[in-house]
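# Reading the structure
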Number of protein chains: 2
Amino acid sequence: MSTADTQWRTRLRVVLVGTTHPGNIGAAARAMKTMGLERLYLVSPERFPCAEATARAAGADDLLAAAVCCDSLAEAVSDCAWAVGTSARSRHIAWPTLDPEGCARQAIAGTADGEVALVFGRERSGLSNAELDLCQAVVHIPTNPAFSSLNLASAVQILAYELSRAGAREPVAPTVEEPAASVEEMERFYVHLEEALRSIGYLDPRAPKLLMRRMRRLYGRARPLESEVSILRGILSATLAQSSR
Amino acid sequence: MSTADTQWRTRLRVVLVGTTHPGNIGAAARAMKTMGLERLYLVSPERFPCAEATARAAGADDLLAAAVCCDSLAEAVSDCAWAVGTSARSRHIAWPTLDPEGCARQAIAGTADGEVALVFGRERSGLSNAELDLCQAVVHIPTNPAFSSLNLASAVQILAYELSRAGAREPVAPTVEEPAASVEEMERFYVHLEEALRSIGYLDPRAPKLLMRRMRRLYGRARPLESEVSILRGILSATLAQSSR
């Protein structure tokens, strides 16, 4: 994560309202920390602090220790420029509803104006309408209509993941840093391959081009590295040495 | 979810390898079901079935009841056209590494060729290199470098979410091409290849595994068709016949 990438994180908080199971608080903290989020607010949790929360945090207990406990959602978001509430269902009065990706973009953009809160409701009943009234938008994570029972920490994980994606300015560095073989190197490889296939008597003299075309198609898809072409050509040389014995 | 949207789901399986905590199996099943995934394979779980798994499944226990238990990853993916392994760390030899979104797209596209497996390793140690050798690609979920401890069910949740997104976006193209070689066919090819490399004296007896792993990377990227594997094995047979003369 670059400095530019981390700046928005300092202005973003996750607010859990009325959480029933302390294990979910710990799991939510862990989900946040894996995605580089650090600021946790808890509104009237049923049990906290709690050993179960610490256990499920699995190393993200620093977030639990620093968590801000509040008596109401109003208190937790009063200083925010933008708050977005999560909702699993449709509401009587339509709040502007975002998908997770759109939510992440708006949240990060919102940090330019001030503090931003992502608000998650109770495991069973979510956020009340009065609580949603304190939010400027609603985010809905699309789920299986026949089974929409997303775990609280899973919902936090998905939104934290989308925030992390949206916040990443730079594309992920390629993992293969070695150079790919050039067209020229591949052409030399194909000449070598054809020679070896002849030497072992595999190339059909009636249709040599057909086989070579299929080989080009196969190796072309693999886009070999220089080092891999070296290995392949080593194999061809050994094959030729063997067959000329 | 439309019919077109659900078709790929019937060809996609989630494989959990050597899961230590049964609670994670249940939570993974729940994560899958919220995103409309249904097919769970378990390779040597430490404890299963288990009340803790059922409790954490929270209504996704039908997935647990239908889960296929296997003794090895090879058994769980032998009939697959494409398998992708999750990895939390970088490896000595670069597997083609996908991000979650790219993985989801390739997985869904792969269902046009046959069965597709998403493979998740052990909580502590992930997948072994030998297990990754059975996969054609690796997916890495970007995490906080200072805290990359993503919970197993959270990793399943993120990838299931990306699959659901990708599935909603892109209709799967009808199968036009020939079938891709299965994992089992590729395994037979690698055995044959190793034999041929020995016969021409190319395999370094001090480090035979290293070369074979590089070969797996190369051919795994190409995702050979059944007919291409036939050609390659024909070449190997001709090589062996030549060298035994």
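What counts and how
- Residues numbered from 1 in each chain as written.
- Chains lettered and ligands numbered in written order.
- Predicted model: local features only at pLDDT ≥ 70, side-chain atom pairs only at ≥ 80, totals over all residues.
- Heavy atoms only, no water.
- Contact = heavy atoms within 4.5 Å.
- Buried area = accessible area lost by both parts, 1.4 Å probe.
- Salt bridge = Lys/Arg side-chain N within 4 Å of Asp/Glu carboxyl O.
- Polar contact = N/O pair within 3.5 Å; in protein donor to acceptor, adjacent residues only side chain to side chain.
- Helix = DSSP H or I, 4+ residues; strand = E, 2+ residues; numbered from the N terminus.
- Nonpolar A, V, L, I, M, F, W, Y, C, P; charged D, E, K, R; others polar.
- Axes fitted to C-alpha atoms, helices over the stretch in contact; angles between N-to-C directions.
- Parallel < 35°, antiparallel > 145°, perpendicular 65-115°, else oblique.
- Left-handed = near helix turned anticlockwise from the far one by under 90°.
- Domains from an automatic or database assignment.

### As for the interface of chain A and chain B
Across the contact, 58 residues belong to chain A and 60 residues belong to chain B. Of the roughly 4900 Å² buried at the junction of chain A and chain B (both faces included), carbon and sulfur atoms supply 59%. Of all residues in chain A, A:F147, A:Y161 and A:R214 give up the largest surface area on contact with chain B, accounting jointly for 13% of the area buried on that side. On inspection of chain A and its partner chain B, the count reaches 5 salt bridges. Notably, a salt bridge pairs B:E162 with A:R165, separated by 3.7 Å at the nearest N-O pair. Where chain A packs against chain B, one counts 19 residue pairs in polar contact (both at pLDDT 80 or more). Contributions of two or more residues to the side of chain A that touches chain B are made by helix 2 (22–34), helix 3 (51–57), helix 6 (100–110), helix 8 (152–167), helix 9 (183–199), helix 10 (208–222) and helix 11 (226–243) of chain A. Tallying contributions element by element places helix 11 of chain A first for the side of chain A that touches chain B, with 11 residues. When grouped by side-chain class, the residues that make up the side of chain A that touches chain B number 28 nonpolar, 18 polar and 12 charged.

### Some words on the packing of helix 9 (residues 183–199) of chain B against helix 11 (residues 226–243) of chain B
Residues and elements named next belong to chain B. Across the interface, helix 9 lies against helix 11 with an axial gap of 9 Å and an inter-helix angle of 25°. By the angle class used here, helix 9 and helix 11 are roughly parallel. Seen from above, helix 9 lies across helix 11 with left-handed handedness. Counted together, E185, M186, R188, F189, H192, L193, E195, A196 and S199 of helix 9 and E226, V229, L232, R233, L236, S237, L240 and S243 of helix 11 form the full contact between these two elements. Its residues assigned to classes, the contact of helix 9 with helix 11 shows 8 nonpolar, 4 polar and 5 charged.

### Looking at the domain arrangement of chain A
Domain annotation of chain A identifies domain 1 (3–167) and domain 2 (183–243). Look at where the C-alpha atoms of domain 1 of chain A and domain 2 of chain A centre, and you get two points 56 Å apart.

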